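# Structural description and commentary
What follows is each chain in one-letter form.
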Amino acid sequence: PCAGFVSRLAWRSSIDSFTSLQGENVMAVRTWDQKVKNVVRKEVLKKRGDSVKTALFMPADTAYCVEEAKNSGLINDDTELILVDKNSTTLSLGYSRCVDGLYHDDDYIQLRRGKVEEVLRDLRPEDVAVSSSDWCDYLGFLYLDTCGELSPTMVDSLEIATKNKVITEKTTIAFTFSTA
């Protein structure tokens, strides 16, 4: 099934309202239905052919996406990972999980702090280049786990990354977006 469609099924808005003395709604919390998100993650991170040489993930602090990609064979120990998060603490925790928990060689991990849209716009082939027996200077796999909507900014960033030849016809793009 289409990952975007499946992800819409995974999003469950759970709003917990906390009221102040004046009775105003002061906080709303949204959560993922984790069981369904696990199914979605497993589906979009299936191995399709050989393991990719380069991959960009938004691993949060748990790096479940990297773990699933490794378990399926989509990535291997030689895959160059580009990990992206706008929060430096979350990025550091995701990195630690990849190195300490999943035993990915830290020489094959790049950390990019910022919004994924900004990272995609700024990436160049030399940034993702993997030097091995087979030269690879494009993203083999791109997992956009934004937990948000497909914004015009994201579409523009994907277009720029394509013009910059970081995303090619050989790139697999998987995504989980939600609807408003």
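Quick summary incoming for the structure in this document. This is a predicted model, so every value here is computed, not measured.

As a further point, take the overall build of the protein. Assigned secondary structure in the protein consists of seven helices and seven strands. Each helix (α) and strand (β) of the protein, taken in turn from the N terminus, gives the series α-β-β-α-β-α-β-α-β-α-α-β-α-β. By residue count, 41% of the 180 residues in the protein fall in the buried class. The long-range share in the protein, meaning contacts at least 24 apart out of those at least 6 apart in sequence, stands at 70%. Counting only carbon and sulfur atoms, one obtains 49% of the accessible surface of the protein, whose full area is about 10000 Å².

The subject of this paragraph is the sheet that holds strand β5 (residues 109-113). The strand order across the open sheet formed by five strands is β5-β4-β3-β6-β7, and the pairing between neighbours is parallel. Among the strands making up the open sheet, the edge pair consists of β5 and β7 (172-176). Adjacent strand axes in the sheet meet at a mean angle of 15 degrees when their direction is disregarded. Pairing analysis gives two bridges linking strand β3 (residues 54-57) to strand β6 (residues 141-145), with the strands arranged parallel. For leucine 56, the partnering residue across the bridge sits in β6 and is leucine 142.

A full pass over the atoms with the stated rule returns five salt bridges. Across the pair glutamate 43 and lysine 46 runs a salt bridge whose closest N-O atoms are separated by 3.3 Å. For glutamate 43, a relative accessible area of 24% translates into the label partly exposed. Lysine 70 is paired through a salt bridge with aspartate 77; the nearest N and O atoms lie 2.8 Å apart. Aspartate 77 gets classed as partly exposed once you look at its relative accessible area, which sits at 43%.

Looking only at helix α2 (residues 34-44), the buried set comprises Lys37, Val40, Arg41 and Val44. Each buried residue of α2 lies within a common arc of 100 degrees when the element is viewed along its axis, so the set occupies one face. Those residues of α2 that are exposed and aimed more than 90 degrees away from the buried face are Lys35 and Val39.

Another aspect to go through is the nonpolar core. It is characteristic of soluble globular proteins that their nonpolar side chains tend to be buried jointly. Counting 20 residues, the largest nonpolar core has Phe57, Val66, Ile75 and Phe141 as the members making the most contacts within it. Sorting the residues of this core by element identifies β3, α3 (64-72), β4 (80-85), α4 (88-101) and β6 as the ones contributing at least two each. Among residues more than four places away in sequence, those in contact with phenylalanine 57 are Leu45, Cys65, Val66, Ala69, Ile75, Leu81, Ile82, Leu83, Val84, Phe141 and Tyr143. The next biggest cluster of nonpolar side chains, apart from the first, holds 18 residues, and it includes Val116, Leu120, Leu142 and Met154.

Here the focus is the environment of aspartate 85. Mapped onto the fold, aspartate 85 is located in strand β4. The class for aspartate 85 is buried, based on a relative accessible area of 17%. Each C-alpha atom, one on aspartate 85 and one on arginine 112, is 6.8 Å from the other, the two residues being 27 residues apart in sequence. Dropping the residues within four chain positions of it, aspartate 85 is found in contact with Ala60, Thr90, Leu91, Arg112, Arg113 and Gly114. Side-chain polar atoms of aspartate 85 contact the backbone nitrogen of asparagine 87, separated by 2.8 Å.

This part is about the pairing of β6. One face of the sheet, then the other: side chains in a regular strand alternate in exactly this way. Counting buried positions over the five residues of β6 gives five, a clear majority of the element. Inspection of the sheet shows β6 paired to β7 by five bridges, in the parallel sense. Among the inter-strand pairings, leucine 144 is bridged to a residue of β7, identified as phenylalanine 175. The parallel pair β6 and β7 is bridged by helix α7 (residues 152-163), and the resulting crossover is right-handed.

Rules of the game
Residues numbered from 1 in each chain as written. Predicted model: local features only at pLDDT ≥ 70, side-chain atom pairs only at ≥ 80, totals over all residues. Heavy atoms only, no water. Helix = DSSP H or I, 4+ residues; strand = E, 2+ residues; numbered from the N terminus. Buried < 20%, exposed > 50% of the residue type's maximum accessible area, 1.4 Å probe, protein only. Contact = heavy atoms within 4.5 Å. Areas by Shrake-Rupley, 256 points an atom, 1.4 Å probe, with all protein chains shown as cover. Pairing = 2+ DSSP bridges. Axes fitted to C-alpha atoms, helices over the stretch in contact; angles between N-to-C directions. Salt bridge = Lys/Arg side-chain N within 4 Å of Asp/Glu carboxyl O. Arc of directions from axis to C-beta. Core = buried A, V, L, I, M, F, W, Y, C linked by side-chain atoms within 4.5 Å. Polar contact = N/O pair within 3.5 Å; in protein donor to acceptor, adjacent residues only side chain to side chain. Right-handed = clockwise from strand over helix to strand, strands pointing away.

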